[in-house]
Amino acid sequence: MPLLRFNHDDPAGHLEPRAEEAIDTTRRGSVDYVFGLGADVMVLTQPRTSMPPREGHLLWCEPPKGTHFGEDERKVLVWSKNEWTEIDRVGIEGLDGTRFISGTTQTPLGPLRVIGVCIPWHMAEVSYPTGEKRKPWELHIHFLGRLEELIGGFDGPTVIAGDFNQQVPRVSYGRKDAAAALTRAFAPLDVVTSGHIEGGRGPGIDHIAISRDLTARRVWGWANDVTGARLS
């Protein structure tokens, strides 16, 4: 669940609950916690479109495949304090529109293209096929191939964030061809969440990649176990 902050009252750029603070672990409590972090832009994976926009603006991808999802469930959603323009749910031919959403929003830095992705996990449509049976990593690598072509045509300030379903850089047990596909796709960008970031418990699979006309002043994470309570 990547969040971006461009201007705020906390000069350290780090908001976290105090040790004695009680955390509500319900869906409403998780939403309250996220909005309490004071982001300008958010990318959320496995969200629900019924979440309140809180005086901001929501944008989400096409409904997921399969019959076991609720009407309001999506793979990825983006939120901004300001309205979205140049909305794109297609990206490029052959890209899974249930895992991609793009829009442009105004930020304190000016207009910013924001792309939310949920790259297929390695067993997508393998254990639970929705049509043609797949091999492990097949849809993951295909998605990255289409994303590579899309990213190659970008110009201007751009952020791509969401669930990459890979650690960056590749860990010793990671799939080499999948890691190579991710490296090629994001070559024009900087994956600023690579490695072990402050506040995290190890390399993650949720990432933020930024175009090289942007600079990340600080990158931090937080565990989904906050003061002993597990958040979604």
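Refer to the structure above for everything that follows.
Model, not experiment: these values are computed from the prediction.

From N to C terminus, the protein chain includes three helices and 12 strands. Counting across all 232 residues of the protein chain, residues that qualify as buried make up 46%. Put simply, of all contacts in the protein chain between residues at least 6 apart along the chain, 63% involve residues at least 24 apart. Carbon together with sulfur atoms contributes 50% to the accessible area of the protein chain, which is approximately 12,400 Å² in total.

Looking at the element boundaries, Gly-94 is found in the loop between strand E5 (84-88) and strand E6 (100-107). A sequence separation of 52 residues divides Gly-94 from Arg-146, and the C-alpha atoms of the two residues are 6.7 Å apart. Ignoring sequence-local partners within four residues, the contact set of Gly-94 consists of His-142 and Arg-146.

The residue Gly-66 is located in the loop between strand E3 (57-60) and strand E4 (76-80) in this model. With relative accessibility at 43%, the residue Gly-66 sits in the partly exposed group. For Gly-66 and Tyr-128, which are 62 residues apart along the polypeptide, the C-alpha to C-alpha distance reads 9.5 Å.

Here we come to helix H2 (residues 138-151). Compared with the 20 Å implied by 1.5 Å per residue over 14 residues, the 20 Å span of H2 between its first and last C-alpha is a close match. Regarding H2, the residues found buried are Leu-139, His-140, Phe-143, Leu-144, Arg-146, Leu-147, Leu-150 and Ile-151. Seen from one end, H2 has its buried residues packed into an arc of 165°, which puts them on one side. Contacts made by the buried residues of H2 are with E6, strand E7 (110-118), strand E8 (158-163), helix H3 (176-185) and strand E9 (189-191).

By the element assignment, Asp-96 lies in the loop between E5 and E6. A polar atom in the side chain of Asp-96 sits 2.7 Å from the side chain of Thr-98. Filtering out sequence-adjacent residues up to four positions away, Asp-96 remains in contact with Lys-65 and Phe-143.

It is a probe the size of a water molecule, rolled over the atoms, that shows where empty space is left. Reported here for the second largest pocket is a volume of approximately 440 Å³. Along its surface, the second largest pocket is lined by 23 residues, and Phe-69, Lys-75, Arg-99, Trp-121 and Ala-124 are the ones closest to its centre. The residue makeup of the lining of the second largest pocket, split by class, is 10 nonpolar, seven polar and six charged.

Throughout the structure, instances matching the rule amount to zero disulfides. Summary of cysteine pairing: Cys-61 is not part of a disulfide, and the nearest cysteine sulfur, belonging to Cys-118, is at 8.1 Å. We classify Cys-118 as buried; its relative accessible area is 2%.

In terms of nonpolar packing, the biggest core is built from 21 residues, with Val-117, Leu-144, Ile-160 and Phe-186 touching the most fellow members. In terms of residues, this core owes the most to one element, H2, which gives five residues. Of all hydrophobic cores here, the second largest spans 16 residues; its members include Val-78, Val-114, Ala-161 and Ile-208.

With that settled, consider the pairing of E6. Across the eight residues that make up E6, a large majority, seven, are buried. As judged from the three bridges shared by E5 and E6, these two strands associate in the antiparallel manner. Considered in E6, the bridge of Asp-88 is made with Ser-102. Across eight bridges, the pairing between E6 and E7 is antiparallel. The residue bridging Gly-103 from the neighbouring strand is Val-114, located in E7. Taking the residues between adjacent antiparallel strands as the criterion, E6 and E7 are bridged by two residues.

Conventions and cut-offs
Residues numbered from 1 in each chain as written. Predicted model: local features only at pLDDT ≥ 70, side-chain atom pairs only at ≥ 80, totals over all residues. Heavy atoms only, no water. Helix = DSSP H or I, 4+ residues; strand = E, 2+ residues; numbered from the N terminus. Buried < 20%, exposed > 50% of the residue type's maximum accessible area, 1.4 Å probe, protein only. Contact = heavy atoms within 4.5 Å. Areas by Shrake-Rupley, 256 points an atom, 1.4 Å probe, with all protein chains shown as cover. Expected span 1.5 Å × (residues − 1). Arc of directions from axis to C-beta. Polar contact = N/O pair within 3.5 Å; in protein donor to acceptor, adjacent residues only side chain to side chain. 1 Å grid on protein atoms, 1.4 Å probe; cavity = no way out; pocket = protein on both sides within 12 Å on 5 of 7 lines; lining within 4 Å. Points joined across faces, edges and corners; volume = space filled by probe spheres on them. Nonpolar A, V, L, I, M, F, W, Y, C, P; charged D, E, K, R; others polar. Disulfide = S-S within 2.5 Å. Core = buried A, V, L, I, M, F, W, Y, C linked by side-chain atoms within 4.5 Å. Pairing = 2+ DSSP bridges.

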